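Overview (structure and organization)
Residue-level listing of the chains:
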Amino acid sequence: MKGFCYRCGYEGELIEGLCKECYAQVYPLFHVPEEIKIEVCHMCGSYKRRTWQDPKGEDLYSILDEIAYYATKDNLKKAHKNIEIEIIPKEPGQLPGGKRTKVEIPVRVIGRGKLPGEDRERTMEKDVKVRLQMVQCPRCSRYMSNYYEATLQIRAMNRPLTEEEREELDRFVRKEVEKRLKKDRMAFISKFIPKKEGLDYQIGSMGGARNIASSIKSKYGGKIKETAKLVGVDKNSGKNLYRITIVVRIPEYKVGDIVEYRDKTYKVVSIKEDKLYLEDIADRREKIPVQWSTAEKETRLLKRGEECPTATVISVSPETVIAMDDSNYEVYEYNNVFEDIKEGDTLRIYKRDNVSYVVGVDKKMKREG
């Protein structure tokens, strides 16, 4: 439609009574404030969008670019869904150096496209400033005040943890916490309390503690018990506030240990999340599963697998295996039910009622050269 632009008086093709230049000024491709403020934690570097976010960048400049990008994106409104937007953060004039640091990041915003009624695409550019407000995020505030919602206790059934288990479990827990923090920012360790009987961790979130406990059980087997204690009432919602204690009891046994169960002798052949699998040392074809709740009450350790005496294989035939006791040099003969056994291999022996049983085979190491 032709006519006079009611804004500048130009005569020619009009869009809603405006010439193209005036239409572009009255109807920009996007709207964004000239100054944008975003809260950034001066301790951990997280920043607040709708919720607090951990930065994905690895170095300072990539983190600042990320913060500036999302701060601009969250405050930008396109005039039409077909408008293409490019957000280009630039180098800040000052780098963060503490809670009172004033950091401004210049950002160039470029929009390309056309609005309904326009016959050609146009480009719009605008410079904005993203100002970082250095604060302390809720997670760091709670962490600094030793806040926790759950106590995770790691124990072993019917015995204290060994020094090797304590070190291994502590590494495992901290690795799980590191993974969990990517999904749950409150799943931090508020306090670590090593005890004579095991390990205690105060965890910032109930969900994090439950997840870590489940991971321990999946890897090492055992059982989990949870209790809750009322600690107060939420002032805003009026709901009761609880702290929970989660106890993970890992198995008393390891694969290869010799145990007694219902008056019979078994070797531990497998440890799963919910069951212990046993093999009769007198009849290797008999394998039974035992629930942990039953195993804790009805089994008894007879001998650690690594403590069983050894005998060296001195002769092998299709029917028999002959081995010599490494301590008293007695010679034993066994039925050959072994796979690929050779002279020089080591048998682990358990003796019961003057009868010697093979409960394990250690293969001879091959010599190089």
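The text that follows walks through the structure, step by step, so that each part is easy to find.

Rules behind the numbers
Residues numbered from 1 in each chain as written. Predicted model: local features only at pLDDT ≥ 70, side-chain atom pairs only at ≥ 80, totals over all residues. Heavy atoms only, no water. Helix = DSSP H or I, 4+ residues; strand = E, 2+ residues; numbered from the N terminus. Expected span 1.5 Å × (residues − 1). Buried < 20%, exposed > 50% of the residue type's maximum accessible area, 1.4 Å probe, protein only. Contact = heavy atoms within 4.5 Å. Polar contact = N/O pair within 3.5 Å; in protein donor to acceptor, adjacent residues only side chain to side chain. Phe/Tyr/Trp six-rings, centres within 6.5 Å; stacked < 30°, edge-to-face > 60°. Lys NZ or Arg CZ within 6 Å of the ring centre and 35° of its normal. Core = buried A, V, L, I, M, F, W, Y, C linked by side-chain atoms within 4.5 Å. Axes fitted to C-alpha atoms, helices over the stretch in contact; angles between N-to-C directions. Parallel < 35°, antiparallel > 145°, perpendicular 65-115°, else oblique. Left-handed = near helix turned anticlockwise from the far one by under 90°. Nonpolar A, V, L, I, M, F, W, Y, C, P; charged D, E, K, R; others polar. Pairing = 2+ DSSP bridges. Disulfide = S-S within 2.5 Å. Patch = residues over 30% accessible without salt bridge, like charges linked within 9 Å, V, L, I, M, F, W, Y side chains within 5 Å. Areas by Shrake-Rupley, 256 points an atom, 1.4 Å probe, with all protein chains shown as cover. Salt bridge = Lys/Arg side-chain N within 4 Å of Asp/Glu carboxyl O.

Here helix 5 (residues 206–220) contains 15 residues, and its C-alpha end-to-end distance of 21 Å stays within 8% of the 21 Å for a straight helix at 1.5 Å per residue. Those residues of helix 5 that sit buried are Met206, Gly208, Ala209, Ile212, Ala213, Ser215, Ile216, Lys217 and Tyr220. Packed against the buried residues of helix 5 are strand 11 (150–156), helix 4 (163–180), strand 13 (199–203), strand 14 (223–233), strand 15 (240–250) and strand 17 (264–271). Of the residues flanking the start of helix 5, the one acting as N-cap is serine 205, its side-chain oxygen 3.0 Å from the backbone nitrogen of glycine 208.

What the rule picks out here adds up to six aromatic pairs. Measuring from ring centre to ring centre gives 6.2 Å for tyrosine 332 and tyrosine 334, while their planes differ by 35°; the resulting arrangement is tilted. In terms of burial, tyrosine 332 and tyrosine 334 fall into one category: buried. Between lysine 219 and the ring centre of tyrosine 220, over which it is positioned, the NZ or CZ distance is 5.5 Å. Cation over ring: arginine 243 sits above tyrosine 148, and NZ or CZ is 4.0 Å from the ring centre.

Within the largest apolar cluster, 32 residues are counted, with the highest numbers of intra-cluster contacts made by Ile38, Ile105, Val107, Val130 and Leu132. Among the elements of the structure, helix 1 (20–26), strand 4 (35–41), helix 2 (60–74), strand 9 (103–113) and strand 10 (122–135) are those that each provide at least two residues to this core. Aside from chain neighbours lying at most four places away, what touches isoleucine 38 is Tyr47, Lys48, Ile67, Ala71, Val130, Arg131, Leu132 and Gln133. Ala150, Leu152, Ala156 and Leu199 belong to the second-largest nonpolar core, a separate cluster that totals 23 residues.

The next subject is the packing of helix 4 against helix 5. Two quantities define a packed helix pair, namely the angle between the helix axes and the distance between the axes. Packing of helix 4 against helix 5 leaves a shortest axis separation of 10 Å and a crossing angle of 130°. Between helix 4 and helix 5, the crossing angle belongs to the class labelled oblique. Relative to helix 5, helix 4 is oriented so that their crossing is right-handed. Only Gly207, Gly208, Asn211, Ile212, Ser215, Ile216, Lys219 and Tyr220 of helix 5 make contact with helix 4, whose side of the interface consists of Glu168, Leu169, Phe172, Val173, Glu176, Val177 and Arg180. Its residues placed into classes, the contact of helix 4 with helix 5 shows seven nonpolar, four polar and four charged.

Before going further, it helps to examine the environment of glycine 238. Within the secondary structure, glycine 238 is located in the loop between strand 14 and strand 15. Taking relative accessible area as the criterion, glycine 238 reaches 46% and is therefore assigned partly exposed. Put simply, glycine 238 and lysine 48 are 190 residues apart on the chain and 27 Å apart in space, counted from C-alpha to C-alpha.

Across the sheet, which stays open at both edges, the five strands sit in the order 12-13-11-15-14 with mixed pairing between neighbours. Both outer strands of the open sheet, strand 12 (189–194) and strand 14, are each paired with one neighbouring strand and no more. Averaged over all pairs of adjacent strands, the angle between their axes in this sheet comes to 15°, without regard to strand direction. In terms of strand pairing, strand 14 meets strand 15 through 10 bridges, oriented antiparallel. Each bridged residue has a counterpart across the sheet, and for valine 233 the counterpart in strand 15 is asparagine 240. Docked against the sheet, helix 4 engages strand 11, strand 12, strand 13 and strand 15, running at close to 15° with respect to strand 13. Set on the sheet, helix 5 makes contact with strand 11, strand 13, strand 14 and strand 15; between it and strand 15 the angle comes to about 10°.

Right, let's talk about the state of the cysteines for a bit. Applying the stated rule across the entire model yields zero disulfides. Cysteine 22 forms no disulfide, and the closest cysteine sulfur to it belongs to cysteine 19, at a distance of 3.5 Å. Take cysteine 137: it sits in no disulfide, and the sulfur closest to it among the cysteines is that of cysteine 140, at 3.6 Å.

Across a sheet, strands are paired by hydrogen bonds formed along the backbone, either parallel or antiparallel in direction. Taking strand neighbours across the sheet as the criterion, the five strands line up as 19-18-17-16-20 in an open arrangement whose pairing is antiparallel. Each edge of the open sheet is held by one strand with a lone partner, namely strand 19 (287–291) and strand 20 (299–303). Across the sheet, the axes of successive neighbouring strands diverge by a mean angle of 45°, strand direction being ignored. When strand 17 meets strand 18 (residues 275–280), the two strands line up antiparallel, connected through five bridges.

This part covers a nonpolar patch on the surface. On the surface, a nonpolar cluster with roughly 310 Å² of combined accessible area is contributed by Met43, Tyr143 and Met144. With respect to the helices, strands and loops of the structure, methionine 43 is situated in the loop between strand 4 and strand 5 (47–48). Overall, methionine 43 belongs to the partly exposed group, its relative accessible area being 39%.

Another aspect to go through is the pairing of strand 12. Each regular strand carries side chains that alternate between the two faces of the sheet. Of the pairings in the sheet, the one linking strand 12 to strand 13 comprises five bridges and is antiparallel in character. Opposite proline 194, over in strand 13, you have leucine 199 as the bridge partner. If you look at the hairpin formed by strand 12 and strand 13, you'll find four residues sitting between the two strands.

Turning to the pairing of strand 18, a few remarks are in order. Here strand 17 folds back onto strand 18 in antiparallel fashion, the turn holding three residues. Bridge count between strand 18 and strand 19: five bridges; the pairing is antiparallel. Looking at the pairing, lysine 275 lines up with glutamine 291 of strand 19. The hairpin turn running from strand 18 into strand 19, its antiparallel successor, is six residues long.

Below, the discussion takes up the side chain of arginine 159. Mapped onto the elements of the fold, arginine 159 is located in the loop between strand 11 and helix 4. Arginine 159 sits in the buried class, given a relative accessible area of 16%. Of note is the side chain of arginine 159, whose polar atom sits 3.2 Å from the backbone oxygen of proline 251. Polar side-chain contacts of arginine 159 include one of 3.0 Å to the backbone oxygen of glutamate 252.

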